[in-house]
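The lines below spell out each chain.
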Amino acid sequence: YEGKIYPINPRHKIIEGLEVFTSVLEIKKRVELAIIAIPAGYVLEVIQDCVKKKIRDIVIISAGFSESGDDGKKREDELKKIAEENNLNILGPNCLGFINTNNKINASFAKKQVPEGEIGLISQSGAFVTGLLDIAKEEEIGFAKIITLGNKAVLDEIDFLNFLEKDSKTKVIGLYLENINRGRLFYNTVARITKKKPVLILKAGNSEKVQKAILSHTGSMAGESAVVKKVFQETGAVYFENLITFWNALKILNNHKRIKNNNLVILTNAGGPGVVATDLIEQSKNLNLYNLTKGEKNRIKKNLPPAVSVENPVDILGDADVERYEKTLDNLAKIRKIGGILALITPQAQTDVENILKTTKEKEKKINIPVFPILIGDNRNKTFQFPWEVIETLNLLEIENNPEKKIKNDPPEFSVSAPAKIRVLAERARMQKRDTFFYQEALELTKYYQINSLKASLVKDNFKFPAKSQKLIMKVDDPGVLHKVAQGGVRTGIENQTELNKNLKELRRKFKKEQIIVQEQVEKGTEIIIGLKKDSSFGPILLCGIGGILTEIIDEKLLWILPVNKDEIKKDLKKSKLGKIFEKEEMNLDQLVDEISKVGKIGWQNNWVKELDINPMFFYKDKDQIAVDIKVKF
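Residues numbered from 1 in each chain as written. Predicted model: local features only at pLDDT ≥ 70, side-chain atom pairs only at ≥ 80, totals over all residues. Heavy atoms only, no water.

**Describing the overall build of the chain**
Then step 1. The helix and strand tally for the chain stands at 19 helices and 27 strands.
Then step 2. The dimensions of the chain, computed from C-alpha atoms along their principal axes, are 90 × 80 × 40 Å.
Then step 3. Long-range contacts, defined here as pairs at least 24 residues apart, represent 69% of the contacts in the chain between residues at least 6 apart.
Then step 4. Surface summary for the chain: the accessible area is close to 31,300 Å², and the carbon and sulfur share equals 49%.
Then step 5. Taken as two groups, the 101 positive and 86 negative side-chain charges of the chain have centres that lie 3 Å from each other. (Helix = DSSP H or I, 4+ residues; strand = E, 2+ residues; numbered from the N terminus. Contact = heavy atoms within 4.5 Å. Areas by Shrake-Rupley, 256 points an atom, 1.4 Å probe, with all protein chains shown as cover. Lys, Arg positive; Asp, Glu negative; His and termini not counted. Charge placed at Lys NZ, Arg CZ, Asp CG, Glu CD.)

**Structural notes on the state of the cysteines**
Then step 1. In total, this model carries zero disulfides according to the counting rule given.
Then step 2. Its sulfur unpaired, Cys95 is 14 Å from the next cysteine sulfur, which belongs to Cys50.
Then step 3. Under the relative-accessibility criterion, Cys95 is labelled buried at 4%. (Disulfide = S-S within 2.5 Å. Buried < 20%, exposed > 50% of the residue type's maximum accessible area, 1.4 Å probe, protein only.)

**Considerations on the pattern of salt bridges**
Then step 1. Evaluation of the coordinates by the stated rule reveals 32 salt bridges.
Then step 2. Of the charged contacts, one joins Glu157 and Lys152 as a salt bridge, the two residues approaching to 2.9 Å between their closest N and O atoms. Just as Glu157 is buried, Lys152 falls in that class too.
Then step 3. Each of Lys475, Lys484, Asp613, Asp629 and Lys631 takes part in salt bridges that share partners, so that together they form one network. (Salt bridge = Lys/Arg side-chain N within 4 Å of Asp/Glu carboxyl O.)

**Comments concerning the nonpolar core**
Then step 1. The biggest cluster of nonpolar side chains holds 49 residues, and the ones touching the most others in it are Phe437 and Leu592.
Then step 2. Tallying contributions element by element places helix 19 (residues 589-605) first for this core, with six residues.
Then step 3. Residues within four places of Phe437 in sequence aside, it is in contact with Leu425, Ala426, Ala429, Ala442, Leu445, Trp608, Val632 and Phe634.
Then step 4. By size, the runner-up hydrophobic cluster in this structure holds 44 residues, among which are Phe128, Val238, Leu253 and Leu264. (Core = buried A, V, L, I, M, F, W, Y, C linked by side-chain atoms within 4.5 Å.)

**Some remarks on the side chain of Lys230**
Then step 1. Relative to the elements of secondary structure, Lys230 occurs in helix 7 (residues 224-235).
Then step 2. With a relative accessible area of 10%, Lys230 lands in the buried category.
Then step 3. Beyond its immediate stretch of four places on either side in the chain, Lys230 contacts Leu559, Trp560, Ile561 and Asp572.

**Comments concerning the packing of aromatic side chains**
Then step 1. Evaluated as defined, the whole model comprises 12 aromatic pairs.
Then step 2. With a centroid separation of 6.1 Å and 75° between ring planes, the pair formed by Trp608 and Phe634 is classed as edge-to-face. Of this pair, Trp608 sits in the loop between helix 19 and strand 25 (611-619) while Phe634 sits in the segment after strand 27 (630-633), placing them 26 residues apart in sequence. The exposure classification of Trp608 matches that of Phe634, with both residues buried.
Then step 3. Across the ring face of Phe65, the terminal group of Arg75 is positioned such that the distance to the ring centre comes to 6.0 Å.
Then step 4. Cation over ring: Lys475 sits above Tyr439, and NZ or CZ is 6.0 Å from the ring centre. (Phe/Tyr/Trp six-rings, centres within 6.5 Å; stacked < 30°, edge-to-face > 60°. Lys NZ or Arg CZ within 6 Å of the ring centre and 35° of its normal.)

**Here we look at the sheet that holds strand 20 (residues 490-494)**
Then step 1. The four strands are arranged 18-21-19-20 in an open sheet whose pairing can be described as antiparallel. With partners counted over all chains shown, the strands left at the sheet margins are strand 18 (457-458) and strand 20, one partner each.
Then step 2. Two elements, strand 19 (residues 472-477) and strand 21 (residues 515-520), share six bridges in a ladder whose sense is antiparallel. Considered in strand 21, the bridge of Lys475 is made with Ile517.
Then step 3. Contacts from helix 16 (residues 497-510) reach strand 19, strand 20 and strand 21, with the element oriented near 175° to strand 20. (Pairing = 2+ DSSP bridges. Axes fitted to C-alpha atoms, helices over the stretch in contact; angles between N-to-C directions.)

**Focus: the environment of Gln515**
Then step 1. For Gln515, the position within the fold is in strand 21.
Then step 2. Separated by 55 residues in the primary sequence, Gln515 and Lys460 place their C-alpha atoms 8.8 Å from one another.
Then step 3. Leaving out residues up to four positions away in the same chain, Gln515 has contacts with Phe438, Leu458, Lys475, Val476 and Asp477.

**A look at unusual backbone geometry**
Then step 1. For the bond from Asn312 to Pro313, the omega torsion is 15°, close enough to zero to count as cis.
Then step 2. Cis rather than trans, the peptide bond between Asn615 and Pro616 has omega equal to 0°.
Then step 3. You will see that Lys54, though not glycine, has its phi angle at about 65°, which is positive.
Then step 4. Turning to its location among the elements, Lys54 is positioned in the loop between helix 1 (43-52) and strand 4 (57-60).
Then step 5. Note on Lys54: relative accessible area 72%, which makes it exposed.
Then step 6. Positioned with a positive phi, Asn303 is a non-glycine residue whose angle comes to about 70°.
Then step 7. Note that Asn303 resides in the loop between helix 10 (294-301) and strand 15 (314-315).

**With respect to the environment of Asp315**
Then step 1. Tracing the sequence through the fold places Asp315 in strand 15.
Then step 2. Apart from the residues within four sequence positions on either side, Asp315 is in contact with Thr268, Asn269, Ala270, Gly271, Val308 and Ser309.

**Some remarks on helix 14 (residues 420-431)**
Then step 1. For helix 14, with 12 residues, the first-to-last C-alpha span of 16 Å sits near the 16 Å given by 1.5 Å per residue.
Then step 2. Ile422, Leu425, Ala426 and Ala429 are the residues of helix 14 that are buried. Burial along helix 14 is one-sided: seen end-on, the buried residues are contained in an arc of 80°. For helix 14, exposure combined with an orientation more than 90 degrees from the buried face picks out Lys421 and Met431.
Then step 3. Residues of helix 14 that are buried sit in contact with helix 15 (439-448).
Then step 4. Directly beyond the C-terminal end of helix 14, a positive phi value near 60° is found at Lys433. (Expected span 1.5 Å × (residues − 1). Arc of directions from axis to C-beta.)

What follows is the structure, encoded as structure tokens:
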């Protein structure tokens, strides 16, 4: 680092040949950055000194804050207060620090010298970074900037995303996150950046933990993992579920050209690995094995041994030397429709591994197609070892490359909030110390939003079987009974007064104080679940899936981050199993789109709704749909 460094330490006069000060207040010149690595109990005092010295930018490496218990949390809360009052930019506490290779600053306790490159890495974990730096040095992967966030007391991932977006030295952004504080702003920020630079995200902590009883199926179906995946998909970022593929993506984007399209060619000196790679490409969603034309095959085969195979894979035989690889790569590079080349190398007795690898690397610089060398069986050569590493990673990166993923239609014109008469429903229930509606209250809410819902009557002990009814359904209706069918709280097919009395008696025996309601038993249609969930990070999430008892068995769900318009809902439905079902049954898909949009409007206008679950809603070929059961939690 070529700038001035001022060590602060009360017990020394010289450190590493530099004059030492006992406090920042002793330094006569202006200081731009303070890096604090002292016991947590002294940090606030030093921060106050920094305020007096007018140092606004501070890195706190020290641990002992909110991660360490109640005392540490109080310390961190005080730190936030000081930062807010004095407009301080604080990285950490409890972080590794940051590295800026372009300006030769290593303000961290990472032991490795980091090579300069084009990756900007933001990590919530410092230990995660130290591990990656060990691998990076071996595999010659460079970074422009590395930032570790720690506890995110003041600055978080959004602040550094905004910086890396404008940083000309950063071409690729990678994030390792364990939580996202400002979900909506994160969503908008990443969506903006992905139009300029690829953003790769490894998000930990998505596995669904053992939960307490969840009121609605929506709550369990729109769990953290599903919501996070949907958010990243909509922003255009690439979401990774494991560290290996995340690292391979950084490696590919740092060390290779981008693939021009999804058509790949396999070049190999052994048949078996070529077949394995072929299977992997054909099983991938976003990649294709390019079909070489007759003319292209003839040009490739020219000046090669007669026994070579010029199908795809292009097998240039086990005795292939540097010249054979070079000639074949030159001919493949002339084919404009090829997006990328996988150069498989198996180290046989006569294989000049070092020079073949050198040739593939030099060749990629001269041609406009990326060449991915895959050396099977020898991992000392700073390259890929197995075909799946490249294929799986390219398959994910092609999602980021797809411009359709980055286009979000204009949201609908929803007013900000619903009228007071709707909010009163929740306020009245809260006064009764409830956080869940009775069915009649849920009915009132859905009726306001013109959702056709099945009416219900409250059953008293002398309740008479309605004269015009054919069959009734009897249900327990109580916020404490979460899953009525599973808990034995539903009776169907009630045809007369005798059956009604009998079923009421059975339900009263099991549910002594709970409300009981009856509804007309309607004809079963195609069962759909439409739901809402207020996500703690990203706000209201809209969901649709296969309803009824199959909801948790058949994993078919569509999620939308609100607000969302009808065109986007319909586009996603058409590509789904639900769309195929509606098409096969000759039902009107627009009916489903309309009902989903109405539920979305409830979520957007009523921020007090935590979960809403319509399950099932019956859809028919020749009549209007109807919601049969509704749960609302707030």
